Amino acid sequence: MRAHLFGTYIKRIITKKGLRIAGLQFQSKELQQVRRTSGKTPIVGRVNNHDLGSASVWTEEGWIEVP
């Protein structure tokens, strides 16, 4: 929840490999569903600089956490 609020703002395009942030790939089934609907449109997300264990991505339904 804190990453949703206080994380570092990012804007990225989701690829087949997932979401790349700080050299790390974040991947989940939910993220791939977002990729299928967004296509090449950049998405908005946030990542906690102190804990790179997951990222948060804004979707039409709200925030999702991507491990």
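All of these numbers come straight from a predicted model, not from anything done at the bench.

Colleague: I keep staring at the environment of Ala22 and nothing clicks. Help me out?
Modeller: Mapped onto the elements, Ala22 comes out in the loop between strand E2 (19-21) and strand E3 (24-26). Taking the C-alpha atoms as reference points, Ala22 and Phe6, separated by 16 residues in sequence, lie 17 Å from one another.

Colleague: Where do I start with the pairing of strand E5 (residues 55-59) in this structure?
Modeller: Successive residues of a regular strand alternate their side chains across the two faces of the sheet. Judged by how many residues are buried, E5 sits mostly within the fold: four of five residues are covered. Pairing of strand E4 (residues 43-47) with E5 involves three bridges; the strand directions are antiparallel. If you follow Arg46 over to E5, its bridge partner there is Ser56. Where E5 lies against strand E6 (residues 62-66), five bridges are found, and the strand directions are antiparallel.

Colleague: What exactly am I supposed to notice about the nonpolar core here?
Modeller: In summary, soluble globular proteins display a tendency toward joint burial of nonpolar side chains. Among the nonpolar cores identified, the biggest contains 13 residues, and Leu19, Ile21 and Val57 are the most heavily contacted of them. Among the elements of the structure, E2, helix H2 (29-38), E4, E5 and E6 are those that each provide at least two residues to this core. With residues up to four places along the chain from it excluded, the contact list for Val57 reads Leu19, Leu31, Ile43, Val44, Gly45, Gly62, Trp63, Ile64 and Val66.

Thresholds, definitions, all that
- Residues numbered from 1 in each chain as written.
- Predicted model: local features only at pLDDT ≥ 70, side-chain atom pairs only at ≥ 80, totals over all residues.
- Heavy atoms only, no water.
- Helix = DSSP H or I, 4+ residues; strand = E, 2+ residues; numbered from the N terminus.
- Buried < 20%, exposed > 50% of the residue type's maximum accessible area, 1.4 Å probe, protein only.
- Pairing = 2+ DSSP bridges.
- Core = buried A, V, L, I, M, F, W, Y, C linked by side-chain atoms within 4.5 Å.
- Contact = heavy atoms within 4.5 Å.

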